Amino acid sequence: MNVMGEILLESWRVLSDSAPYVILGVVVAGLLKVFVYPGSVAKHLGKGRVSSVLKASLLGVPMPLCSCGALPAAASLKRQGANNGATAAFLIATPESGVDSISITYALLDPIMTVARPLAAMATAAAAGLIENFVSKPDETSSIKPDLSCPVDGCCDGVDCPADVHRRHHGPAEKVRAGLRYAFGELWGDLAGWFFIGILLSGVIGALIPEDVLGRYLGGGIQSMLIMLAAGVPIYICATSSTPIAAALILKGVSPGAALVFLLAGPATNLASLTVLVGVLGKRATAIYLTTIAVFAVGSGLVVDYVYAAWGIEASAAAGHASEFLPAWAKVAAAAALIAISVRPIGGALGSRLGLVESGSCPDGHCHLGHDHHDHDHHDEQGKDDTAPTCGSGQCRCSHASNHKETNPADPG
């Protein structure tokens, strides 16, 4: 078999093993979007040095946002009154974990890594947030204005329509439909391209790299952790797409602790987002953010390696056993479905980059940093402004993020 065939075959194996769990995670994430009360996160993150950070760490773990999505969400939380510590905690816990990445970790790795990954993310987030809040006392006088607008269809803003009244607007079936539209529209549209890049890279690693090469340098110890940290910090990769790469590395002899360092550092940091972090948190908080991630990622990796050694578990032998519970036809069907729902967002993103779609769209076909429709005033005195950007099918027909700066009359900045 030629090299390309081996890469595609290995990529297909990883895709079919992970697809059912990816779909499950995306569905759960979509339902969280519509069933969790709007603003329930933001309203808890403004008061208290400790409680706000712990809440942000806990609530950030299940949210399926990569760093590009977590940044505007965190900026919105900051404007709504969240203190720096809670914002930093949210920015770490959210991209490092998520219900979708947890489910794919179970599929491609093993139960130990499935538990270790969100626990390490939560511990790292809490430490960074607490350090920031105790270094700089939070402003307890800031007013919190959570976003109470309807997540189903935007039928009300939640201010003139109280929550107890709004709950009667939409039944469970309508919320489920809205959640699924979000899951397989906007959410998967943001993840699809990166996920398939991760699948392809895992195929390259599995097909081309000899068994003993990576194990020789990344088989364990502090040196392995530091190498993976250096590899993970500057690159952009989301939690879901980093998982098949980590699984392929483990199968080639990389220690599970070193793989965990990559899973923690890669999604939470990248060079493109650091300048934005400085603007959202400030230089000192950004330094605390990066230092805490580095220290806790390496520390978590060393602990995980110790656990595997103490329990006598070979990570490469345990990886991927969860996928064996499903019949082959179910895995093939899920993989085919995942490919089918990915054609449109990936095609849209490629078309945007090649100039085949309207130039007013964001480069990847989606609006990310600095855009929040609720912070714009798209209505004049006569009614709806026809020039307002409209969103649909997970794509936002509006100008690039540089033109998306939110306007808040109460915020002089």
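Residue positions are given per chain, counted from 1 along the sequence in the order it is written. Only residues with pLDDT of at least 70 get local features here, since the model is predicted, and only at 80 or more are side-chain atom pairs given and counted; chain-wide, interface and lining totals rely on the full set of residues. Excluded from the side-chain calculations are hydrogens and water; all other atoms, namely the structure's heavy atoms, are used.

Caption draft 1: Inspection of the overall build of the protein chain at higher detail. Where helices and strands are cited, they refer to DSSP runs of H or I of at least four residues and of E of at least two residues respectively, numbered from the N terminus. Across its full length, the protein chain holds 16 helices and four strands. Of all 413 residues assigned to the protein chain, the portion counted as buried reaches 49%. Residue contacts are counted whenever heavy atoms from the two residues lie within 4.5 Å of one another. Put simply, of all contacts in the protein chain between residues at least 6 apart along the chain, 83% involve residues at least 24 apart. Put simply, the protein chain shows about 18700 Å² of open surface, and 65% of that area lies on carbon and sulfur atoms. Relative accessibility thresholds used throughout: buried, under 20% of the residue-type maximum; exposed, over 50%; partly exposed, between the two (1.4 Å probe, protein chains only). Computed with the Shrake-Rupley method and a 1.4 Å probe, the accessible areas treat only the protein chains shown as cover for residues.

Caption draft 2: Structural detail: the packing of helix α2 (residues 51–60) against helix α6 (residues 111–135). To get an axis, fit a line to the C-alpha atoms, keeping to the stretch in contact for a helix; angles then go from 0 to 180 degrees between the N-to-C directions. Between α2 and α6, whose axes approach to 9 Å, the crossing angle comes to 155°. Taken together, the axes of α2 and α6 are roughly antiparallel relative to one another. When the axes of α2 and α6 are compared, the crossing they make is right-handed. Counting all contacts with α2, which are made through Ser 52, Val 53, Leu 54, Ser 57 and Leu 58, the residues of α6 involved are Met 122, Ala 125, Ala 126, Gly 129, Leu 130 and Asn 133. When its residues are assigned to classes, the contact of α2 with α6 shows seven nonpolar, four polar and no charged. Between 65 and 115 degrees an angle is taken as roughly perpendicular, under 35 as roughly parallel, over 145 as roughly antiparallel, and anywhere else as oblique. Put simply, a crossing is left-handed when the front helix is turned counterclockwise from the back one by less than a right angle, and right-handed when it is turned clockwise. Following the grouping adopted for this structure description, the nonpolar residues are Ala, Val, Leu, Ile, Met, Phe, Trp, Tyr, Cys and Pro, the charged ones are Asp, Glu, Lys and Arg, and the polar ones are all others, Gly among them.

Caption draft 3: Up close: the packing of aromatic side chains. For Phe, Tyr and Trp, where Trp contributes only its six-membered ring, two rings pair if their centres lie within 6.5 Å, and the inter-plane angle classes them as stacked under 30 degrees, edge-to-face over 60, or tilted in between. This model, assessed by the stated rule, comprises two aromatic pairs. An angle of 80° between the planes, with centres 5.3 Å apart, marks the rings of Phe 195 and Phe 196 as edge-to-face. Phe 195 sits in the buried class, given a relative accessible area of 0%. Cluster of aromatic residues (ring-pair linked, three or more members): Trp 188, Phe 195 and Phe 196.

Caption draft 4: Spatial organisation of the pattern of salt bridges. Counted as salt bridges are all cases of a side-chain nitrogen of Lys or Arg within 4 Å of a carboxyl oxygen of Asp or Glu. Across all of its chains, the model carries four salt bridges by this definition. Notably, a salt bridge pairs Glu 10 with Arg 13, separated by 2.8 Å at the nearest N-O pair. Remark: Arg 13 and Glu 10 occur in helix α1 (residues 3–35); sequence separation between them is three residues, near one turn of the helix. Classification of Glu 10 by relative accessible area gives partly exposed; the value is 21%. According to the relative accessible area criterion, Arg 13 is partly exposed, its value standing at 34%. In this structure, Asp 17 and Lys 331 form a salt bridge, with 3.3 Å as the shortest nitrogen-oxygen distance. Pair noted here: Asp 17 is in helix α1 and Lys 331 is in helix α16 (residues 328–353), with a separation of 314 residues, a long-range link. Each of Glu 10, Arg 13, Asp 17 and Lys 331 takes part in a single network of salt bridges with overlapping partners.

Caption draft 5: Looking closely at the environment of Phe 184. If you trace the backbone, Phe 184 turns up in helix α8 (residues 172–208). Spatially, the C-alpha atom of Phe 184 lies 8.1 Å from that of Gly 30, the residues being 154 residues apart in sequence. Setting aside anything within four residues of it in sequence, one finds Phe 184 in contact with Ile 23, Val 26, Val 27 and Ile 341.

Caption draft 6: Examining the side chain of Ser 202 more closely. Along the chain, the position of Ser 202 falls in helix α8. Any pair of nitrogen or oxygen atoms within 3.5 Å is treated as a polar contact; in protein, a donor-acceptor pairing is required on top of that, and neighbouring residues in sequence qualify only through side-chain atoms on both sides. A polar contact is formed between the side chain of Ser 202 and the backbone oxygen of Ile 199, at a distance of 2.6 Å. Apart from residues lying up to four places away in sequence, Ser 202 is in contact with Glu 10, Val 14, Pro 244, Ile 245 and Ala 248.

Caption draft 7: Focus on the confidence of the model for the protein chain. Think of pLDDT as the predictor's per-residue confidence, scored from 0 to 100. In this model, the protein chain carries an average pLDDT of 75, and 70% of its residues clear a pLDDT of 70 or more. Residue range residues 359–413 is modelled with pLDDT below 50. Its contacts to residues more than four positions away, or to other chains, number 88 contacts.

Caption draft 8: Looking closely at helix α10 (residues 222–232). The complete set of buried residues in α10 reads Ser 224, Met 225, Met 228, Leu 229 and Gly 232. Down the axis of α10, the buried side of the element spans an arc of 135°, and every buried residue falls inside it. It is the directions from the helix axis to the C-beta atoms whose arc is reported.

Caption draft 9: Looking closely at α16. Helix length check: α16 (26 residues) gives 36 Å between terminal C-alpha atoms against 38 Å at 1.5 Å per residue, within 8%. Bend angle per residue: angle between axes fitted to the 7 residues ending at that residue and the 7 residues starting there. At Ser 342, α16 shows its largest bend, some 40°, and a proline, Pro 345, comes one to four positions later. The set of residues buried in α16 consists of Ala 330, Lys 331, Ala 334, Ala 335, Leu 338, Ser 342, Pro 345, Gly 348, Ala 349, Gly 351 and Ser 352. Expected helix span is taken as 1.5 Å per residue step, with the number of steps being one fewer than the number of residues.

Caption draft 10: How the structure looks around a nonpolar patch on the surface. Taken together, the side chains of Trp 12, Val 332, Ile 339 and Val 343 make up a nonpolar region of the molecular surface, amounting to roughly 340 Å² of accessible area. Tallying contributions element by element places α16 first for the nonpolar patch, with three residues. The residue Ile 339 is located in helix α16 in this model. Since its relative accessible area comes to 35%, Ile 339 is described here as partly exposed. Patches here: salt-bridge-free residues with over 30% relative accessible area, like charges joined within 9 Å, nonpolar side chains (Val, Leu, Ile, Met, Phe, Trp, Tyr) joined within 5 Å.

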